[in-house]
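Single-letter residue listing:
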Amino acid sequence: MSDSKTAAEALRPYDPQAHGGWTRADATHLLWRTQYGATQAEIEEACSAGLQKTLDRRVTVQPESAKFQAAEQLLRRTAFDTGSIGDLKAWWLYRMLNSANPLVEKMALMWHSHFATSNSKVNSVPQMAAQNDLIRTYATGSFRKLLHGMARDVAMLVWLDGTANRKRQPNENFAREVMELFSLDVGHYTERDIKEAARAFSGWQVRDGKFWFNPLQHDSGNKTVFGKTGDFDGDQIVDLCLAQEACPRFLAYKILRAFVVGAPDAGLIDALAQRIRFHDFEMTPVLRELFGSEVFFSPESRQAIIKSPVELVLGAHRSLESHPNLAAAVPLLSSLGQDVFEPPTVKGWDGGRLWISSTSMLQRANFAAELATGSRLGTIAEPERIASQGAFDSSEACVRYYGNLLLNRELETDVVARLAGFMNQAQGNRDQRLRGVIQLIMAMPEFQLV
Amino acid sequence: MNDRVRPHWRTVTVSFSLGCLFLGFLLCQAPAATFAAEPAAGKSPSLAASVPSGAVGYAEISHMGDLLKRIQESSYLQTALSSPQFQALQKQPQYKQGDAVRRIVETQLGMNLWKLFEELLHDRVAVALYPKAGAPAGGPAADVVAIVRGIDPKALAQLRERIDPLLTLAQDQLSPADPIEGAPANTTVISFKGQVLVGLGESWIIAASTRDLLTKAVGLLAGKGQGTLADDGPFRMMTEQMGKEHLVRAFINTEFLTKAKGSRLTPEKLDNPVLSMFLGGVIELAAGSPYAGLALDVEEDRFLLTTGIAGDSRKLDEAHRVFFSDPDGPGTAAIPQLPSIIAGFTFHLDIANWYKQREKLLEARLLPAFDQFETGIANLLPGKDVGEDVMPLIGKSLTFVAAPQDYSHIDGTPGVKLPGFAVIIDLAKPDEGGDLFQMFFQTFSAIVNLGAAQQKNQPWVMTSETFKDVQIAYGRYLKRPAGEQLPLVYNFMPASARLGNKFIICSSLGTCRQLIESLKQPETGGQRPNRNLNFEFHPGALADILQANKEVFTARAIQQGQEARQAEGEFATSLQLLRFFDSFRLSSRVLSEGVQVQFEGSWK
């Protein structure tokens, strides 16, 4: 982030006209950050619609098509019928890829990592699905309501041993994570705050698969939390956490890391935190301001985030208009390090540079090869058909098309020349050679960035 | 053994028998004209009388032309060709290439391939393999002669006319050969690369890999010459035991192959205990059989594929007699006829003696696993020996069934509906055996209950009821499950019962009740033919279960990238194809002179 810009300036609305007009690169950047990948048709539509319409379309909840609803409900019912978490994962991936509200799904994934809960301990498809529904309901809505809901969520209570929290033996696990992981971050509470908060959450149990308040196990005495004393219950502890200055800053940091830049500076965090507090934790206006801001479209924010495995896999499927094999995508994502519904720790996925290692780079390259040239992971739209429809009259034209589509940038001349040379000399028919080019582009380091 | 005669017996046996079996199974999949068991008046004799003696392998197809016509016109084929699966196959590059070749060939021949094969297979077709004397390393494994007889002379003439231009193009590889002495007039002989000789008569074609074979076959076909396969001892034995008129029949001279190899063809000990239990006896008997035969018959609404070997099971050693029932008796227990039964499997095995003889029957590396098994059982039965105290309690029949269940044990249905499963164990000592298996059942239920809580499932409470004077022990759920999309685990509510000398273990109480009703019925239909092993499968009942779980299959297809409509279409077609068939049966029969394994099926 440039030192010369103030945080307030950074959140000023972006004026495309002041930057040479609304470009394809701008449209692609906005689409990539608010959904997973983008097809050529979506990019062209966003180009012609302009910033405001595209932004409105993304942050406003759209009605789902009948076809989507029928398939989504069928997949969800199957997950419940089989009791298989793999089926539930496939259901959610289907939603991420096909929903008319992909930003909701992206935010839901961010919150899923934020409120990390793993089926490995919960061991219940209905409970994990219920938590996912709760997250989705408030994904782009009220964080206040989301946090309150999560405090009573059955899967969360099982995950953090909330059910073992008794009046005479308070379990601090849940109280600690509410402060450290869900609202304030490390360093903004004391150990005494945690102990007192644990007393407030006592008696919050699960009975017959539902949240149950057990008054006999609840410590109804006075507690002192954040310097305030009262006969607090769990809901009031949540309100106290939300009232702390650290809370919106913590959320701002998470949102900026997920959608703008990998290492946001303190000024930008403060600026966004002010907006979060101003809107009382309502995410829709915050996201609208953020996605329409100078900082979002600044050069420093372009291709500044390392793709998570979900972003990599689903983004590639969408951009290449593939019919994905979601059943194969589930174990693939697990091997790449992002197994939805089974985050590795209570902290979720740290992301960023931690997505990249020598092993994961090899796996990402293998994914690119398999998707471009195989059929196990899905069948991409035939490159030969696309090249014919686009009337690409040379190998260079084909290379530039896919370079733009997959990297959102103009490839350097020598890179184009080398890829075109490969396409001209490689064996196989034109479709096979084009797939080879796609594979090579997806293996480039630039493809790992969004 | 003559070192000059050294056929590659393994290649010959495996490839030939696999080819015959594959051909047999392929031809099973179609409705057909009616064929009588004995040749009708006017039917031509078998080509075994036209093939020189000494064949190691032989296959014959009889009167296939009408069958092919029926296949072409069948509703089953039309359904398969209009299915979404076939339409997807048609888009594959390999299919397109194959179809292009087909159209080129048909254009050149002036007839479609169905018609071509109807003409060629109108009467009989036979192939025979002979050991190749002095074969160089890496050379062909055997000599071959193939005969197509009874082709319509006009059709053959048209075919020759159409093929002539292609033969001209290949003239560097094809050349006229010397005429065959004694051959009928107008017989043409062509040599292909000097390796295959083809004789073309007015209504027959003979191809052979040596001139000697071609000369003999031409002579025998014309009614001259002596020494035919039909006269060979093992082939005659097969004909006596399996009959001579079949749509397809195949023969392997295992007596010759055994001598050529210098040792038995089948292993003395097996490396798979399950294979041993089901087929150990047949494999042992096959080692001494002079032939292995196969026969396929197709009628209007059924087919029967039979494989046979010769030998008296009663003369085997003690270790191998355990596999066989008395040929004069019914053999294994009958499969209980439950309503809408999906499948049943029952087999005869003197398991107590099989267990005692395991060192003679199984490879040594498998034996430590049995020691571990005994140690495990000993934890439940201290002071007892599995071989001496447990196995002798078990009788000689074991039965498995799968049938739809009624879900009377829950208020609602699971989201995924599974059939009920059951095992019926014949008990040699009903009282002791019954107690032992009841103890195993209780132990199993307790172990499962420990896991149930971790899985957030209802545990079982062991209880019992009396049904038709039979005491049933079963585990009911602590809280009766209710709802329409219950978890998969609620398909199961294990039940056990002892009925006379049979111990029943079922996955659900409803299935147990159905079994008790069925087993209490006396067997009808007179004495059954002997069956040593019997597997029955009813595709229609399976289709019903699959239909009940249609949503799961459609969801799986969507997960794999299909559109919902396409997935539903493919699923519906698959069920339609399944429902075309009535039933299938795979069984083995012990005869006084041999063993036959039969695969039969019927359709609507």
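Residues numbered from 1 in each chain as written. Chains lettered and ligands numbered in written order. Predicted model: local features only at pLDDT ≥ 70, side-chain atom pairs only at ≥ 80, totals over all residues. Heavy atoms only, no water.

Participant: Describe the overall build of chain B, listing the residues and the values that go with them.
Facilitator: Within chain B, the regular secondary structure consists of 21 helices and 22 strands. Referenced to the eigenvectors of the C-alpha coordinate spread, the extents of chain B come out at roughly 90 × 60 × 45 Å. Counting across all 604 residues of chain B, residues that qualify as buried make up 48%. In chain B, 69% of the contacts between residues at least 6 apart in sequence involve partners at least 24 apart. Working note: accessible area of chain B is about 29300 Å², and carbon and sulfur atoms make up 56% of it. Each charge class in chain B was averaged separately, 58 positive and 64 negative side chains, and the resulting centres sit 2 Å apart. (Helix = DSSP H or I, 4+ residues; strand = E, 2+ residues; numbered from the N terminus. Buried < 20%, exposed > 50% of the residue type's maximum accessible area, 1.4 Å probe, protein only. Contact = heavy atoms within 4.5 Å. Areas by Shrake-Rupley, 256 points an atom, 1.4 Å probe, with all protein chains shown as cover. Lys, Arg positive; Asp, Glu negative; His and termini not counted. Charge placed at Lys NZ, Arg CZ, Asp CG, Glu CD.)

Participant: Report on the overall build of chain A, specifying residues and quantitative values.
Facilitator: Broken down by element type, chain A carries 25 helices and 6 strands. Scaling as 2.2 N^0.38, a compact globule of 450 residues should have a C-alpha radius of gyration of about 22 Å, and chain A matches this with 24 Å. Summarising its shape, the C-alpha atoms of chain A cover approximately 80 × 55 × 45 Å along the three principal directions. Summarising the internal contacts of chain A: among those between residues at least 6 apart in sequence, 71% fall at separations of at least 24. Accessible surface, chain A: about 17900 Å² in total, of which carbon and sulfur atoms supply 51%. Separation between the mean location of the 49 positive side-chain charges and that of the 52 negative ones in chain A comes to 3 Å. (Rg over C-alpha atoms; globule rule 2.2 N^0.38 Å.)

Participant: How would you summarise helix α2 (residues 24-34) of chain A if you had to cite specific residues and measurements?
Facilitator: Counted residue by residue, α2 of chain A has 9 buried out of 11 residues, so it is predominantly covered. Listing the buried residues of α2 of chain A in full gives Asp 26, Ala 27, Thr 28, His 29, Leu 30, Leu 31, Trp 32, Arg 33 and Thr 34 of chain A.

Participant: Can you break down the pairing of strand β10 (residues 302-310) of chain B residue by residue, with the values?
Facilitator: Residue and element names in this part refer to chain B. Burial within β10 is extensive, with 7 of its 9 residues counted as buried. Taking the residues between adjacent antiparallel strands as the criterion, strand β9 (residues 292-298) and β10 are bridged by 3 residues. With 9 bridges connecting them, β10 and strand β22 (residues 594-603) associate as antiparallel partners. Bridging across to β22, Gly 308 finds its partner in Gln 596. (Pairing = 2+ DSSP bridges.)

Participant: Go over the packing of helix α16 (residues 266-278) of chain A against helix α17 (residues 283-291) of chain A, please, and point to the residues and values.
Facilitator: Angle between the axes and distance between the axes: these two values describe a pair of packed helices. All names here are of chain A. As a packed pair, α16 and α17 sit with axes 9 Å apart at the nearest point and diverge in direction by 145°. Considering the relative orientation of α16 and α17, their crossing is right-handed. The residues of α17 that touch α16, namely those facing Leu 272, Arg 275 and Ile 276, are Met 283, Val 286, Glu 289 and Leu 290. Looking at the contact of α16 with α17, its residues break down into 5 nonpolar, no polar and 2 charged. (Axes fitted to C-alpha atoms, helices over the stretch in contact; angles between N-to-C directions. Left-handed = near helix turned anticlockwise from the far one by under 90°. Nonpolar A, V, L, I, M, F, W, Y, C, P; charged D, E, K, R; others polar.)

Participant: Describe the domain arrangement of chain A, with residues and values.
Facilitator: All names here are of chain A. Along its sequence, chain A is carved into domain 1 (4-60 + 245-301) and domain 2 (309-448). Between domain 1 and domain 2, the residue contacts involve 14 residues of the former and 16 residues of the latter. At the boundary of domain 1 with domain 2, total buried surface from both sides reaches about 1200 Å², with 49% on carbon and sulfur atoms. Among the residues domain 1 hides against domain 2, the three largest losses belong to Trp 32, Tyr 36 and Gln 40. Together they make up 46% of the total. On inspection of domain 1 and its partner domain 2, the count reaches 1 salt bridge. Residue Arg 318 pairs with Glu 42 through a salt bridge whose shortest N-O separation is 2.8 Å. For the pair domain 1 and domain 2, the number of links is 4 residue pairs in polar contact (both at pLDDT 80 or more). At the level of elements, α2 and α3 (40-49) are the ones that each hand at least two residues to the side of domain 1 that touches domain 2. Looking at the side of domain 1 that touches domain 2 residue by residue, the class counts come to 5 nonpolar, 6 polar and 3 charged. (Domains from an automatic or database assignment. Buried area = accessible area lost by both parts, 1.4 Å probe. Salt bridge = Lys/Arg side-chain N within 4 Å of Asp/Glu carboxyl O. Polar contact = N/O pair within 3.5 Å; in protein donor to acceptor, adjacent residues only side chain to side chain.)

Participant: Give a description of the interface of chain A and chain B that names residues and reports values.
Facilitator: On the chain B side, the residues contacting the 21 residues of chain A number 19 residues. A buried area of about 1700 Å², summed over both sides, lies between chain A and chain B, and 50% of it is on carbon and sulfur atoms. For chain A, the biggest contributors to the area lost against chain B are Leu 74, Asp 81 and Asn 123 of chain A; these three give 32% of the whole. Our count for the contact surface shared by chain A and chain B stands at 3 salt bridges.

Participant: So, empty space enclosed by the protein: which residues are in play, and what are the values?
Facilitator: Residues and elements named next belong to chain B. All told, the structure shown has 5 cavities of 30 Å³ or more when counted by the stated rule. The computed volume of the largest cavity comes to approximately 110 Å³. Residue assignment for the lining of the largest cavity shows that the elements contributing at least two residues are α11 (273-287), β11 (343-348), β21 (581-591) and β22. Ranked by residue count, the leading element in the lining of the largest cavity is α11, at 5 residues. In terms of residue class, the lining of the largest cavity is built from 11 nonpolar, 4 polar and no charged. (1 Å grid on protein atoms, 1.4 Å probe; cavity = no way out; pocket = protein on both sides within 12 Å on 5 of 7 lines; lining within 4 Å. Points joined across faces, edges and corners; volume = space filled by probe spheres on them.)

Participant: If you had to explain the pattern of salt bridges to someone new, which residues and values would you point to?
Facilitator: If you walk through the whole model with that rule in mind, you get 58 salt bridges over all chains. Where Asp 235 of chain A meets Arg 152 of chain A, a salt bridge forms, and the shortest distance between an N and an O atom there is 2.5 Å. Taken as a pair, Asp 235 of chain A in helix α14 (residues 234-243) and Arg 152 of chain A in the loop between α10 (143-151) and α11 (154-159) lie far apart in primary sequence, 83 residues in all. Arg 358 of chain B is the partner of Glu 374 of chain B in a salt bridge, and the nearest nitrogen-oxygen pair spans 3.4 Å. Linking Glu 374 of chain B in helix α15 (residues 367-380) with Arg 358 of chain B in helix α14 (residues 358-361), this pair joins segments that are 16 residues apart in sequence.

Participant: Pulling in residues and values, what's your account of the confidence of the model for chain B?
Facilitator: It should be kept in mind that the predicted coordinates are not to be read in detail where pLDDT is low. The predicted model of chain B averages 86 in pLDDT, with 91% of residues at 70 or higher. Under a pLDDT of 50 for its full length, residues 1-41 of chain B has, in the predicted model, 75 contacts with residues more than four places off or in other chains. (pLDDT = per-residue confidence, 0-100.)

Participant: Which residues make up the side chain of Arg 199 of chain A, and what values go with them?
Facilitator: With respect to the helices and strands, the residue Arg 199 of chain A is situated in helix α13 (residues 191-201). Those residues in contact with Arg 199 of chain A that lie beyond four places of it in its chain are Pro 170, His 218, Asp 219, Gly 221, Asn 222 and Lys 223 of chain A.

Participant: Could you give me a rundown of the confidence of the model for chain A, with the residues and numbers involved?
Facilitator: Per-residue confidence for chain A gives a mean pLDDT of 94; residues scoring 70 or more make up 98%. Mean pLDDT across the elements of chain A bottoms out in helix α1 (residues 7-10) of chain A (73) and peaks in helix α7 (residues 102-114) of chain A (98).

Participant: Summarise unusual backbone geometry; cite the residues concerned and give the values.
Facilitator: With glycine set apart, most residues show a phi of negative sign, and most peptide bonds adopt trans. Despite not being glycine, Asn 123 of chain A shows a phi value in the positive range, around 55°. As for its placement among the helices and strands, Asn 123 of chain A is situated in the loop between α8 (119-122) and α9 (125-138). Residue classification places Asn 123 of chain A among the partly exposed residues on the basis of a relative accessible area of 28%. Phi at His 63 of chain B is positive, roughly 55°, even though this residue is not glycine. With respect to the helices, strands and loops of the structure, His 63 of chain B is situated in the loop between β1 (57-62) and α2 (64-73). Residue class for His 63 of chain B comes out buried when judged on its relative accessible area of 13%.

Participant: Provide a residue-level description of the environment of Ser 518 of chain B, including the pertinent values.
Facilitator: Positionally, Ser 518 of chain B belongs in helix α18 (residues 509-520). Engagement of the side chain of Ser 518 of chain B in a polar contact is seen with the backbone nitrogen of Gln 337 of chain B, the distance being 3.4 Å.

Participant: Hey, could you go over a negative patch on the surface for me, with residue numbers and the actual values?
Facilitator: All names here are of chain B. A surface patch of like charges, here negative, comprises Asp 385, Asp 389, Glu 432 and Asp 435. Secondary-structure assignment places Asp 385 in the loop between α15 and α16 (386-390). The exposure class assigned to Asp 385 is partly exposed, which follows from its relative accessible area of 32%. (Patch = residues over 30% accessible without salt bridge, like charges linked within 9 Å, V, L, I, M, F, W, Y side chains within 5 Å.)

Participant: How would you sum up the packing of aromatic side chains? Please name residues and give values.
Facilitator: By convention here, two paired aromatic rings are described through the distance between centres and the angle between planes. Residue and element names in this part refer to chain B. Within the structure shown, the criterion is met by 39 aromatic pairs over all chains. Arranged with centres 6.2 Å apart and planes meeting at 15°, the rings of Phe 303 and Trp 603 form a pair that is stacked. One end of the pair, Phe 303, is in strand β10; the other, Trp 603, is in strand β22, and 300 residues separate them in sequence. As far as burial versus exposure is concerned, Phe 303 and Trp 603 are alike and both buried. Grouping aromatic residues by their ring pairs yields a cluster made of Phe 303, Phe 537, Phe 580, Phe 581, Phe 584, Phe 599 and Trp 603. (Phe/Tyr/Trp six-rings, centres within 6.5 Å; stacked < 30°, edge-to-face > 60°.)

Participant: Talk me through a nonpolar patch on the surface; I want residue IDs and the actual numbers.
Facilitator: All names here are of chain B. Together, Val 274, Leu 275, Phe 278 and Leu 279 make up a nonpolar patch on the protein surface, roughly 300 Å² of accessible area in all. The residue Val 274 is located in helix α11 in this model. Judged by its relative accessible area of 46%, Val 274 is partly exposed.

Participant: Any details on the environment of Leu 240 of chain A? Residues and values, ideally.
Facilitator: Residues and elements named next belong to chain A. One can find Leu 240 in helix α14. Separated by 12 residues in sequence, Leu 240 and Lys 228 place their C-alpha atoms 8.9 Å apart. The residues touching Leu 240, leaving out its near neighbours within four places in the chain, are Val 225, Phe 226, Lys 228 and Phe 232.

Participant: Account for helix α21 (residues 358-373) of chain A, with residues named and values stated.
Facilitator: Its 16 residues give α21 of chain A an end-to-end C-alpha distance of 23 Å, which sits within 8% of 22 Å, the value for a rise of 1.5 Å per residue. Contacts made by the buried residues of α21 of chain A are with α19 (309-319), α20 (326-336), β6 (378-379) and α25 (430-442) of chain A. (Expected span 1.5 Å × (residues − 1).)

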